[in-house]
Amino acid sequence: QVQLVESGGGLVQAGGSLRLSCAASGSIFSINAMGWYRQAPGKQRELVATITSGGSTKYADRVKGRFTISRDNAKNTVFLQMNSLNPEDTAVYYCNADVRPTGWGTSYNYWGQGTQVTVSS
């Protein structure tokens, strides 16, 4: 069974930084795209950033220039470096990955449990 586990969330002051990590484990043959989503109370879950296996990245307009997504393919891990944080970034951040399990010819979408990021004024 494939699992994604996030870490690195916490409480920071406006203007500060956090680095989120998400490690995939289990019977994994390969991982295609990986990404981060976030959801604030009373709001829809939104895309933050994605990265392909080849390293191509995409960012939501509201985080462009402040956040950087990267990955370590050898460790099946994706990172999100978050700089210049503001209270609007407060949300639960979820890791997402398109994973092909060992022995299967098709990939499936997996979600982590989420990690809380709170930015104070």
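This structure is a prediction, so every number in the text was calculated from the model and none was measured.

(A) Just the overall build of the protein chain, in detail. Regarding its fold elements, the protein chain presents zero helices and eleven strands. Reading the helices (α) and strands (β) of the protein chain from amino to carboxyl end gives β-β-β-β-β-β-β-β-β-β-β. By the compact-globule yardstick of 14 Å for 121 residues, the protein chain fits well, its C-alpha radius of gyration being 14 Å. By its C-alpha atoms, the protein chain is 50 × 25 × 25 Å across when sized along the principal axes. Taken across its 121 residues, the protein chain has 37% of its residues classed as buried. By sequence separation, contacts in the protein chain at least 24 residues apart represent 55% of the contacts at least 6 residues apart. Summed over all atoms, the accessible surface of the protein chain reaches about 6500 Å², with 48% contributed by carbon and sulfur. If you average the places of the 11 positive and of the 7 negative side-chain charges in the protein chain, the two averages end up 3 Å apart.

(B) Molecular detail of unusual backbone geometry. The phi dihedral of N76 falls on the positive side, at around 50 degrees, and the residue is not glycine. Mapping N76 onto the fold places it in the loop between β7 (67-72) and β8 (77-82). For N76, a relative accessible area of 24% puts it in the partly exposed group. Its identity is not glycine, yet S84 carries a phi of approximately 50 degrees, on the positive side.

Scoring rules and cut-offs
Residues numbered from 1 in each chain as written. Predicted model: local features only at pLDDT ≥ 70, side-chain atom pairs only at ≥ 80, totals over all residues. Heavy atoms only, no water. Helix = DSSP H or I, 4+ residues; strand = E, 2+ residues; numbered from the N terminus. Rg over C-alpha atoms; globule rule 2.2 N^0.38 Å. Buried < 20%, exposed > 50% of the residue type's maximum accessible area, 1.4 Å probe, protein only. Contact = heavy atoms within 4.5 Å. Areas by Shrake-Rupley, 256 points an atom, 1.4 Å probe, with all protein chains shown as cover. Lys, Arg positive; Asp, Glu negative; His and termini not counted. Charge placed at Lys NZ, Arg CZ, Asp CG, Glu CD.

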